[in-house]
Amino acid sequence: MWSTPHVDMRAFDCGGNTPTYQVSKPSLFAYSCLVGGNVVYHAEKFGRTYRVGASDATETVELQITYPAEQQAFWSPIVTRMSRTLRVQAQKR
């Protein structure tokens with residue numbers, strides 16, 4: 001997915017709760033939190049940024065998963081594997 005951020009749009013969506021896991025690097029933004037009995041996991045990987053008209057467009061790939069907290073033992077290894085496979089594929093110009 002292409003995005004055209006005019007500001008740094010990295011924000012936690014944890015319903016006012018503090019993330020239990022978070023990382024923010026130039027090429028990765030990820031967090032996990034507990035919201036109403038569910039685990040919310042979000043990861044974004046960033047690729048190259050291009051000049052498009054008057055703004056920049058950045059290559060991104062995102063993963064967001066919500067699952068019941070009581071099923072964390074089942075979902076955690078799946079989420080970990082899916083996160084590790086995220087790759088930004090450059091668009092052909």
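Residues numbered from 1 in each chain as written. Predicted model: local features only at pLDDT ≥ 70, side-chain atom pairs only at ≥ 80, totals over all residues. Heavy atoms only, no water.

Another aspect to go through is the pairing of strand β2 (residues 21–25). Sheet topology note: the β2/strand β3 (residues 28–35) ladder contains five bridges and is antiparallel. Following the sheet pairing, Tyr-21 is matched in β3 by Ser-32. What sits between β2 and β3 in their antiparallel hairpin is a turn of two residues. (Pairing = 2+ DSSP bridges. Helix = DSSP H or I, 4+ residues; strand = E, 2+ residues; numbered from the N terminus.)

For the chain, mean pLDDT is 83; residues scoring 70 or higher make up 83% of the total. Element-level pLDDT for the chain is lowest in strand β1 (residues 2–3), with a mean of 48, against a maximum mean of 94 in β3. (pLDDT = per-residue confidence, 0-100.)

Looking now at the nonpolar core. Formed by Val-23, Ala-30, Val-39, Tyr-41, Ala-43, Leu-63, Ile-65, Tyr-67, Val-79 and Leu-86, the largest nonpolar core amounts to ten residues. Listed by contribution, the elements that provide at least two residues to this core are β4 (38–52) and β5 (55–68). Apart from residues lying up to four places away in sequence, Tyr-67 is in contact with Asn-38, Val-39, Gln-72, Trp-75, Ser-76 and Val-79. Counting residues in each nonpolar core, the second largest holds six residues, with Cys-14, Tyr-31, Val-40 and Phe-46 among its members. (Core = buried A, V, L, I, M, F, W, Y, C linked by side-chain atoms within 4.5 Å. Buried < 20%, exposed > 50% of the residue type's maximum accessible area, 1.4 Å probe, protein only. Contact = heavy atoms within 4.5 Å.)

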